[in-house]
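Descriptive analysis of the structure
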Amino acid sequence: MRLSILSFLLLLLISCAEEPEYTKITGSTMGTTYSVIVQSEGVNTKSLYQDIEQELKDINQLMSTYIPDSEINTFNQLKDSSCFKFSDRTWEVLVAAKQIYLETNGAFDITLGPLISRWGFNVEEYDIKVPSDSEIQQLLQQVGTDKLDYNHNSQCISKQTPAITINLSAIAKGYGVDQVATIVEQYGVYNYLVEIGGETVAKGVNPAGAVWRIAIEKPVDLKQQQMLIIGLADTSIATSGDYRNYFEVDGLRFSHTIDPKTGHPVTHNLTSVSVIHESNMYADAYATALTVMGKEKAIAFANKHRLPIFLINHLGDELQTDETEWFTPFIINGALN
């Protein structure tokens, strides 16, 4: 599950000639909602809306695991080792996913579908919620980006095992945000905010003429409360967390975040990770990978790669926050208890 990021924005559409006019476009995509706010003087917003809708429809048709004949599902249904040629768009995402898999030592893995399903974090339901160790070991044989053979010359991938599948849910929304931002700029707009399911990119200034103000959500069940307010301009942010999508069995809490190495949900106390990056596709994937890693490894990785990140840990009933030095300049109001 990808978390929503609360946006503290002036959403009134201002028509006064002395102030810029902004328009908000909304819709549904990728199992969530999207919002696009643009400075709209001289912009054909109806045409912009249509282009955004078509772009998101095209991305879904390529990368969704819920559309039976999507490009990803066509690959997933293959039962042989033939090299499947991907479209340019899907290939761009797949190459980034492989790079991040290697950078994070496997913490980001697009082949976790069988484990996600078996743990009940998909559409499937199981009588026995918690799989046995032997079942986990069997499923791990079907998991691992290293079991996908990339042929960069032919832009195709072959499977080392027929059962392996690809799920781009932890990176596709970020890619969608980047692509919609590109469309907005093609209309000559350079003051805007694009958000899909909480993954956000901001450019220029908001309707008040100030930096876009984004609130990172406090990790509490069933409520939306702000934890931290940042100013975002000419970059993007993605947040990942485990505090809403989970289940409990015999008093034990099972997070939807699966560790690709163990096949089990993560057990550490890191509950929310926010990553700022110029590419929302990378921010999206890094947020997932760092959530898998846990606090210490996440901070070490972020320091090595000079990543602006903000972490929230549960310590009993208390919340502890950490940030890297590259995140600090974005903070407008500090963490709220």
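Residues numbered from 1 in each chain as written. Predicted model: local features only at pLDDT ≥ 70, side-chain atom pairs only at ≥ 80, totals over all residues. Heavy atoms only, no water.

**Describing the nonpolar core**
In terms of nonpolar packing, the biggest core is built from 47 residues, with Phe 108, Ile 110, Leu 168, Ile 171 and Val 275 touching the most fellow members. Per-domain counts for this core show at least three residues from each of domain 1 (22-61 + 170-330) and domain 2 (70-159). Setting aside chain neighbours within four positions, we find Ile 171 in contact with Val 93, Ala 96, Ala 97, Phe 108, Met 281, Asp 284 and Ala 285. Membership of the second largest hydrophobic core comes to 18 residues, among which are Leu 48, Val 180, Val 194 and Val 201. (Core = buried A, V, L, I, M, F, W, Y, C linked by side-chain atoms within 4.5 Å. Buried < 20%, exposed > 50% of the residue type's maximum accessible area, 1.4 Å probe, protein only. Domains from an automatic or database assignment. Contact = heavy atoms within 4.5 Å.)

**Details of helix α8 (residues 295-305)**
For α8, every residue scored as buried is listed here: Lys 295, Ala 298, Phe 301 and Ala 302. Relative to the axis of α8, the buried residues are bounded by an arc of 135 degrees and lie together on one face. Exposed side of α8, more than 90 degrees from the buried face: Glu 296, Lys 297 and Lys 304 are the residues found there. Buried residues along α8 sit against α3 (88-103), β14 (270-277), α7 (280-293), β15 (309-315) and β16 (318-323). Once α8 finishes, Arg 306 follows within two positions and takes phi at roughly 55 degrees, a positive value. (Helix = DSSP H or I, 4+ residues; strand = E, 2+ residues; numbered from the N terminus. Arc of directions from axis to C-beta.)

**Concerning the packing of helix α1 (residues 45-63) against α3**
Closest axis-to-axis distance for the α1/α3 pair is 10 Å, and the angle between their directions is 65 degrees. As judged from the angle between their axes, α1 and α3 are roughly perpendicular. Once α1 is placed against α3, the crossing between them reads as right-handed. Between α1 and α3, the residues in contact are Glu 55, Asp 58, Ile 59, Leu 62 and Met 63 and Arg 89, Thr 90 and Val 93, respectively. (Axes fitted to C-alpha atoms, helices over the stretch in contact; angles between N-to-C directions. Parallel < 35°, antiparallel > 145°, perpendicular 65-115°, else oblique. Left-handed = near helix turned anticlockwise from the far one by under 90°.)

**Some details on the UniProt feature "binding site: Mg(2+)" (unreviewed entry) in the protein chain**
Here the UniProt feature "binding site: Mg(2+)" (unreviewed entry) sits at Ala 170, Asp 284 and Thr 288. Taking the farthest pair of C-alpha atoms as the criterion, the annotated set spanning 119 residues converges on one region, since that pair is 6.8 Å apart. If you trace the backbone, Ala 170 turns up in the loop between β6 (156-159) and α6 (172-186). If we ignore the near neighbours within four places in the chain, the residues touching Ala 170 are Phe 108, Asp 284, Ala 285 and Thr 288. Tracing the backbone through its elements, the reader meets Asp 284 in helix α7. What makes Asp 284 buried here is its relative accessible area of 0%. (UniProt positions renumbered as here; feature names shortened; annotations may be inferred.)

**Some remarks on the sheet that holds β14**
Strand order in the open sheet formed by 8 strands is β2-β3-β7-β8-β11-β14-β15-β16, and the pairing between neighbours is antiparallel. Both edges of this open sheet fall to β2 (22-29) and β16, since each of them pairs with a single strand only. Strand after strand, the sheet turns through a mean of 10 degrees between neighbouring axes, direction not considered. With 5 bridges joining them, strand β7 (residues 192-196) and strand β8 (residues 199-203) adopt antiparallel strand pairing. Bridge assignment links Glu 195 to a residue of β8, and that residue is Thr 200. Relative to the sheet, α6 contacts β3 (32-39), β7 and β8, its axis offset from that of β7 by approximately 150 degrees. (Pairing = 2+ DSSP bridges.)

**Observations regarding the pattern of salt bridges**
Tallied over the entire structure, the rule returns 3 salt bridges. Between Glu 55 and Arg 89 there is a salt bridge, with its nearest N and O atoms 3.0 Å apart. Taken together, the residues Glu 55 in helix α1 and Arg 89 in helix α3 connect sequence positions 34 residues apart. With a relative accessible area of 29%, Arg 89 lands in the partly exposed category. With a shortest N-O distance of 3.4 Å, Asp 322 and Lys 295 are connected by a salt bridge. Here the residue Asp 322 occupies a position in strand β16, and Lys 295 occupies one in helix α8, the gap between them amounting to 27 residues. (Salt bridge = Lys/Arg side-chain N within 4 Å of Asp/Glu carboxyl O.)

**Topic: the pairing of β15**
The element β15 is extensively covered by neighbouring structure, given that 5 of its 7 residues are classed as buried. Here β14 pairs with β15 via 5 bridges, running antiparallel. Residue pairing in the sheet places Ser 274 in a bridge with Phe 310 of β15. Note: β15 against β16, 6 bridges, orientation antiparallel. Across the sheet, Asn 313 pairs through a bridge with Gln 320, a residue of β16. In sequence, β15 turns back onto β16 through a hairpin of 2 residues, with Gly 316 there showing a positive phi of about 65 degrees.

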